[in-house]
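Examining the three-dimensional arrangement
Listed below are the residues making up each chain.
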Amino acid sequence: NAGVMQNPRHLVRRRGQEARLRCSPMKGHSHVYWYRQLPEEGLKFMVYLQKENIIDESGMPKERFSAEFPKEGPSILRIQQVVRGDSAAYFCASSPPGRGAFNEKLFFGSGTQLSVL
Amino acid sequence: DAKTTQPNSMESNEEEPVHLPCNHSTISGTDYIHWYRQLPSQGPEYVIHGLTSNVNNRMASLAIAEDRKSSTLILHRATLRDAAVYYCILTRGTSYGKLTFGQGTILTVHP
């Protein structure tokens, strides 16, 4: 049973370009999360998606960032017109659905390290 | 968000037990206590979680105080591969994995 797969592992973009980060959840998981870890900072929740639905995007910057989890294929985190401040490690996680207070495990991928030149 | 307090860093010797403390004095009755760790250049990894009773798995044990205001993650025999940042997290009021990671405890394991 493959774990959460993220690609690319490293992504280099110049300012103003677009970055697309992909995430395939664990088999059987329909809940996907994106987290960001800025240099020397902690992990921050960005967005929570289920198939074809964004459930909670409270941690997403209002501009330039978008996420999707289509019916078929991986989840995509898209950053338009990247700036140097977007340089960070972006982690995807998946879980089975929870009931009541969250009592499940989150399985994280190895992350995509985005570097903006 | 429910706040947890952990020491910034701890050190241990290989093959010795490690007790990582976490204070969560504002915990509510339905909050689960989760522990994750992050090895260098990797994504976080689930370690253990519990509600009221102590929990054991192949990685670690979780000891929860009777009043639930604190807990301790126990690594029974530390190895060099256990060197990581350990995060104690409460899942409050949410039915999904929106976790609030603090600064965690940096565990250094000496050979």
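To start, this report covers the structure provided alongside it. Because the structure is a prediction, the values reported are computed rather than measured. (Residues numbered from 1 in each chain as written. Chains lettered and ligands numbered in written order. Predicted model: local features only at pLDDT ≥ 70, side-chain atom pairs only at ≥ 80, totals over all residues. Heavy atoms only, no water.)

All names here are of chain A. W34, M46, L77 and Y90 are the most contacted members of the largest nonpolar core, which totals 23 residues. Elements supplying a minimum of two residues to this core: β3 (19-24), β4 (31-37), β5 (43-50), β7 (65-68), β8 (75-79), β9 (88-95) and β11 (112-116). The residues touching M46, leaving out its near neighbours within four places in the chain, are W34, Y35, R36, D56, E57, S58, G59, M60, P61, F65, L77 and Y90. (Core = buried A, V, L, I, M, F, W, Y, C linked by side-chain atoms within 4.5 Å. Buried < 20%, exposed > 50% of the residue type's maximum accessible area, 1.4 Å probe, protein only. Helix = DSSP H or I, 4+ residues; strand = E, 2+ residues; numbered from the N terminus. Contact = heavy atoms within 4.5 Å.)

Residues and elements named next belong to chain B. Strands sit in the order β2-β7-β6-β5 across an open sheet of four strands; the sheet is antiparallel. Looking at the sheet topology across the chains shown, the edges are occupied by β2 (18-23) and β5 (55-56). With four bridges joining them, strand β6 (residues 61-64) and strand β7 (residues 70-75) adopt antiparallel strand pairing. Residue pairing across strands places A63 opposite T72, the latter belonging to β7. (Pairing = 2+ DSSP bridges.)

Moving on, we come to the state of the cysteines. All names here are of chain A. Going through the model one piece at a time under the given rule, you end up with two disulfides over all chains. Disulfide pairing places C23 opposite C92 at an S-S distance of 1.8 Å. What sets the handedness of the C23 and C92 disulfide is the S-S torsion sign, and at about -55° it is left-handed. On the criterion of sequence distance, the pair formed by C23 in strand β3 and C92 in strand β9 is long-range, its members being 69 residues apart. For the residue pair C23 and C92, the accessibility class agrees, reading buried in each case. (Disulfide = S-S within 2.5 Å.)

Another aspect to go through is the layout of surface pockets. If you add up the space inside the largest pocket, you get close to 560 Å³. Lining the largest pocket are 25 residues, and of these Q37(A), E41(A), Q38(B), P40(B) and S41(B) lie nearest its centre. Ranked by residues supplied to the lining of the largest pocket, first place goes to strand β8 (residues 84-91) of chain B with three residues. Taken together, the residues that form the lining of the largest pocket break down as eleven nonpolar, eleven polar and three charged. (1 Å grid on protein atoms, 1.4 Å probe; cavity = no way out; pocket = protein on both sides within 12 Å on 5 of 7 lines; lining within 4 Å. Points joined across faces, edges and corners; volume = space filled by probe spheres on them. Nonpolar A, V, L, I, M, F, W, Y, C, P; charged D, E, K, R; others polar.)

We now examine the pairing of β5(A). Residue and element names in this part refer to chain A. For β5, the tally of buried residues reaches six of eight residues, placing the bulk of the element in the interior. Relative to β5, β4 is paired through seven bridges, and the arrangement is antiparallel. Looking across to β5, one finds that V32 is bridged to L49. Counting the residues in the hairpin turn of β4 and β5 gives five residues, including E40, whose phi is positive at 60°. Taking the residues between adjacent antiparallel strands as the criterion, β5 and strand β6 (residues 53-56) are bridged by two residues, where E52 takes a positive phi near 65°.

Attention now goes to the interface of chain B and chain A. Tallying the contact residues gives 21 residues for chain B and 22 residues for chain A. The junction of chain B with chain A conceals about 1,900 Å² of combined surface from both sides, 55% of it contributed by carbon and sulfur atoms. Where chain B packs against chain A, one counts one salt bridge. Put simply, K98(B) and D56(A) hold a salt bridge, and the shortest N to O gap is 3.2 Å. (Buried area = accessible area lost by both parts, 1.4 Å probe. Salt bridge = Lys/Arg side-chain N within 4 Å of Asp/Glu carboxyl O.)

Going through the model one piece at a time under the given rule, you end up with ten aromatic pairs over all chains. Between the aromatic rings of Y35(A) and F45(A), the centroid separation amounts to 5.8 Å while the plane-to-plane angle is 75°, which identifies the pairing as edge-to-face. Placement of Y35(A) in strand β4 and of F45(A) in strand β5 is noted, with a sequence separation of ten residues between them. Neither Y35(A) nor F45(A) differs from the other in exposure class; each is buried. Seen in terms of ring centroids, Y36(B) and Y46(B) are 5.7 Å apart; in terms of plane orientation they differ by 80°. Their pairing is edge-to-face. A residue pair is termed long-range when its members are at least 10 positions apart, and Y36(B) in strand β3 (residues 32-38) and Y46(B) in strand β4 (residues 45-50) qualify at ten residues. Each member of the pair, Y36(B) as well as Y46(B), is classed as buried. Through a chain of ring-to-ring contacts, the aromatic side chains of Y35(A), F45(A), F108(A), Y36(B), Y46(B), Y87(B) and F101(B) assemble into a single cluster. (Phe/Tyr/Trp six-rings, centres within 6.5 Å; stacked < 30°, edge-to-face > 60°.)

All names here are of chain A. The tally for this structure, following the rule as stated, stands at seven salt bridges over all chains. Between R20 and E18 there is a salt bridge, with its nearest N and O atoms 2.8 Å apart. The class for R20 is partly exposed, based on a relative accessible area of 35%. Assessed through its relative accessible area of 30%, E18 is described here as partly exposed. Ionic contacts of the salt-bridge type, sharing partners, join the residues E18, R20 and R78 into one network.

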